[in-house]
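# Descriptive structure summary
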Amino acid sequence: MTESPTTLRLLWPQWQGATAANVVELFPEVPLPDARLAYAMGSRLLGHMLPPHDGPVAEVPVAPDDSGLVLERGIESRAVLLEQLRAALALVEQHDCDRVLTLGGECSVSLAPFSWLARRHGEDLAVVWLDSHPDVGTPDSEYHGHHAMAVSLLTGHGDQDFLAALPGTVDPSRVALAGLHSWTEDDIGHVADWGLTSFSPQDLRESSEPLLDWLASTGCSKVALHLDVDVVDANQVVLGLGAEPDGLSLEQARRVVDDVAGAAEMVGLTVAEYIPRQVIQMMGLLRGLPLA
């Protein structure tokens, strides 16, 4: 995504969308308080990795403590996440840029920018969700993590208060799940029931053409792309919270992003779910050392 003064760089270090139980299971190497905040560290590190930006930069205020981490109406941390969503939408609306680059944080950070772009571009916006998982959970799902409900809400399904907060949604016919190969059985039926299109890693391993053909079929000239780093094959490198083997290679994932950007105007891009495991472990090593 080529940045310009009309691009908002949005840092959204949201971590509450992954349940405590899931974090304990998938990141057991460090204490839970450090593991849960790893998403926030990942968001800020992504900001440091990118080149300087001449346009506006904003950061969504995210609660750093454990207040509100309760299960409510099928969503863990529901009230906190709803408040942070509204804060993110206010920042995107305030800057009113042509493009939004979002650095998360867990997967639900795409909700604010993509729904705002959906209102702006209407039926001319397609969404490519580059992720190992479909993120089509609902409050009725067995898993109560909000980050697994992002595509559901973006396509108009799920918690009514979250849906009411969104400025726009995207028809499922204009949403493609790319790199999909890991899911829970209680949710996967939503992909077909709602009319989403999906591509496995095998579909895209040699060429992006199947995805590009789908994008052309939508007739959309604008695209928003969500990149969950766990789409990258964990046999090559583990970048996300969960280790998902047999995904796309780093080179294949980058090729897909580049090809999509060449086929339509990329008005939204999110990088999500980055967990800097070694950095978090190094912080634990340094904590308490006589360095002051």
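The rules behind these values
Residues numbered from 1 in each chain as written. Predicted model: local features only at pLDDT ≥ 70, side-chain atom pairs only at ≥ 80, totals over all residues. Heavy atoms only, no water. UniProt positions renumbered as here; feature names shortened; annotations may be inferred. Helix = DSSP H or I, 4+ residues; strand = E, 2+ residues; numbered from the N terminus. Rg over C-alpha atoms; globule rule 2.2 N^0.38 Å. Buried < 20%, exposed > 50% of the residue type's maximum accessible area, 1.4 Å probe, protein only. Contact = heavy atoms within 4.5 Å. Lys, Arg positive; Asp, Glu negative; His and termini not counted. Charge placed at Lys NZ, Arg CZ, Asp CG, Glu CD. Expected span 1.5 Å × (residues − 1). Arc of directions from axis to C-beta. Phe/Tyr/Trp six-rings, centres within 6.5 Å; stacked < 30°, edge-to-face > 60°. Lys NZ or Arg CZ within 6 Å of the ring centre and 35° of its normal. Salt bridge = Lys/Arg side-chain N within 4 Å of Asp/Glu carboxyl O. Pairing = 2+ DSSP bridges.

Under an unreviewed UniProt entry, the name given to the protein chain is Arginase family protein, and the organism recorded is Luteococcus peritonei. Reading the Sequence similarities (unreviewed entry) entry of the UniProt record for the protein chain gives the comment "Belongs to the arginase family."

Along its length, the protein chain carries 12 helices and 10 strands. For 292 residues, the compact-globule estimate of 2.2 N^0.38 gives 19 Å, and the protein chain sits close to it at 18 Å. Projected onto the principal axes, the alpha-carbon positions of the protein chain cover approximately 60 × 40 × 40 Å. Classification of the 292 residues of the protein chain by burial places 55% in the buried group. Contacts in the protein chain between residues far apart in sequence, at least 24 positions, make up 75% of those at least 6 positions apart. Put simply, the protein chain has 16 plus and 42 minus side-chain charges, and the middle of one group is 7 Å from the middle of the other.

Below, the discussion takes up helix α11 (residues 250-263). Over its 14 residues, α11 extends 20 Å from the first C-alpha to the last, a length consistent with the 20 Å expected when each residue adds 1.5 Å. Regarding α11, the residues found buried are Gln252, Ala253, Val256, Val257 and Val260. Viewed along the axis of α11, the buried residues span an arc of 140 degrees, placing them on a single side of the element. Relative to its buried face, α11 has exposed residues pointing more than 90 degrees away, namely Glu251, Arg254 and Gly262. Where α11 is buried, its residues touch β6 (125-130), α9 (201-204), α10 (209-218), β9 (222-228) and β10 (265-272).

It is worth spelling out the packing of aromatic side chains at this point. Enumeration according to the criterion identifies 1 aromatic pair in this entry. A cation over an aromatic ring shows up here: Arg277 above the ring of Phe27, its NZ or CZ 4.8 Å from the ring centre.

Following the criterion strictly, the structure yields 14 salt bridges and no others. With a closest N to O distance of 2.9 Å, Arg78 and Asp159 form a salt bridge. Of this pair, Arg78 sits in helix α4 (residues 78-95) while Asp159 sits in the loop between α6 (150-154) and α7 (160-165), placing them 81 residues apart in sequence. Of the charged contacts in the structure, one is a salt bridge between Glu93 and Arg119, with a shortest N-O distance of 2.5 Å. Residue Glu93 is found in helix α4, and its partner Arg119 is found in helix α5 (residues 111-121); the two are separated by 26 residues along the sequence. Look at Glu93 and you get partly exposed, because its relative accessible area is 40%. Relative accessible area serves as the criterion here: at 45%, Arg119 is assigned to the partly exposed category.

When you tally the buried positions in β10, you get 7 out of 8 residues, the bulk of the element. Inspection of the sheet shows strand β5 (residues 99-104) paired to β10 by 4 bridges, in the parallel sense. Residue pairing for β10: Thr102 is matched across the bridge by Thr270. Pairing analysis gives 7 bridges linking β9 to β10, with the strands arranged parallel. Each bridged residue has a counterpart across the sheet, and for Leu225 the counterpart in β10 is Leu269.

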